[in-house]
Amino acid sequence: MKKFIAIVGSNSAKSTNRELLEYMQKHFQNQAEIELVEIKGLPIFKKSIDKYVPKRALELADRIEAADGVIIATPEYDHSIPAALSSTLAWLSYGIHPFVDKPVMITGASYGSLGSSRAQSQLRQILDSPELKARIMPSSEFLLGHSLQAFDDNGDLKSEAETEQLDGLFKDFLQFVDISEQLNHANDVNKQKAEQFSWDIG
């Protein structure tokens, strides 16, 4: 059984993106082991002379390295991902590179009708950067709009259509992970290039 790390892309105490990942953890428990991780408690990213990385970021990097893939659920603030998520990804590309060639599935929930569509697009660009070099599942978006009304009292999605779509995307992700395992011939070079990327510019 595959093991995935699911990153809650919000530091809010109550987050429908956390609810979405909790639902996926329960709903897909017979298909994969999904471990939720929080970004709460990580300091805002800041470069330092000694390239210090917080212990929590190092621990998260180790868990990502050991996982078969990563699922990220992001809200959308001002047409972008939250500052806390952006900062977390910066830490995870600062002298450490757990995302290189790692399969990633992007999801997102928002209170409005767009379901974090712009934030998901931005997240794809960030994950595709030379410092991160993640392998993002293509042509896939799960956009959960009106997320405050999306779950029932048991934490399950109310909409059959949305449930069916998520089921299909998750099956695709499982297959995408299998395919990705066969596409790692350049992994060593990709990691080397990520490590050689200079943070001293800018």
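Everything discussed here concerns the structure shown above.
Residues numbered from 1 in each chain as written. Predicted model: local features only at pLDDT ≥ 70, side-chain atom pairs only at ≥ 80, totals over all residues. Heavy atoms only, no water.

Novice: An account of the packing of aromatic side chains is requested, with residue identities and associated values reported.
Specialist: Going through the model one piece at a time under the given rule, you end up with seven aromatic pairs. When the centroid spacing of 5.0 Å and the interplanar angle of 55° are considered together, the rings of Phe-4 and Phe-173 count as tilted. Of this pair, Phe-4 sits in strand β1 (residues 2-8) while Phe-173 sits in helix α5 (residues 160-181), placing them 169 residues apart in sequence. With respect to burial, Phe-4 and Phe-173 carry one shared label: buried. Arranged with centres 5.1 Å apart and planes meeting at 85°, the rings of Phe-45 and Tyr-94 form a pair that is edge-to-face. (Phe/Tyr/Trp six-rings, centres within 6.5 Å; stacked < 30°, edge-to-face > 60°. Helix = DSSP H or I, 4+ residues; strand = E, 2+ residues; numbered from the N terminus. Buried < 20%, exposed > 50% of the residue type's maximum accessible area, 1.4 Å probe, protein only.)

Novice: Could you give an account of the side chain of Arg-135, naming the residues involved and the relevant values?
Specialist: Here Arg-135 is to be found in strand β5 (residues 135-136). The exposure class of Arg-135 is buried, given its relative accessible area of 18%. A polar contact of 3.4 Å, which involves the side chain of Arg-135, links it to the backbone oxygen of Ser-180. Excluding its chain neighbours within four sequence positions, the residues that come into contact with Arg-135 are Phe-99, Asp-101, Lys-102, Pro-103, Val-104, Phe-176, Ser-180, Leu-183 and Asn-184. (Polar contact = N/O pair within 3.5 Å; in protein donor to acceptor, adjacent residues only side chain to side chain. Contact = heavy atoms within 4.5 Å.)

Novice: Hey, could you go over helix α1 (residues 16-27) for me, with residue numbers and the actual values?
Specialist: Between the first and last C-alpha of α1 there are 16 Å, a value that for 12 residues agrees with the 16 Å anticipated at 1.5 Å per step. Listed in full, the buried residues belonging to α1 are Thr-16, Asn-17, Arg-18, Leu-20, Leu-21, Tyr-23 and Met-24. Of the surrounding secondary structure, the elements contacted by the buried residues of α1 are β1, β2 (32-38), β3 (69-73), β4 (103-109), β6 (142-144) and α5. (Expected span 1.5 Å × (residues − 1).)

Novice: Any chance you could break down the layout of surface pockets for me, citing the residues and the numbers?
Specialist: Estimated volume of the largest pocket: approximately 170 Å³. Around the largest pocket sit 13 residues that line it, and Val-100, Asp-101, Lys-102, Pro-103 and Asn-184 are the ones nearest its centre. At three residues, the largest contribution of residues to the lining of the largest pocket is made by α5. A per-class count over the lining of the largest pocket returns four nonpolar, three polar and six charged. (1 Å grid on protein atoms, 1.4 Å probe; cavity = no way out; pocket = protein on both sides within 12 Å on 5 of 7 lines; lining within 4 Å. Points joined across faces, edges and corners; volume = space filled by probe spheres on them. Nonpolar A, V, L, I, M, F, W, Y, C, P; charged D, E, K, R; others polar.)

Novice: Quick one: what's the story with the nonpolar core, residue by residue and with numbers?
Specialist: Judged by nonpolar contacts, the single largest core of 32 residues is most densely connected at Ile-7, Ile-72, Phe-99 and Leu-127. Where this core is concerned, the elements lending two or more residues are β1, α2 (55-66), β3, α3 (83-91), β4 and α4 (117-127). At five residues, the largest contribution of residues to this core is made by α3. In contact with Phe-99, not counting residues within four places along its chain, are Ile-7, Ile-64, Val-70, Ile-72, Leu-89, Leu-92, Val-104, Leu-127, Leu-132, Lys-133, Ala-134 and Arg-135. Membership of the second largest hydrophobic core comes to 27 residues, among which are Ala-6, Leu-144, Leu-166 and Phe-170. (Core = buried A, V, L, I, M, F, W, Y, C linked by side-chain atoms within 4.5 Å.)

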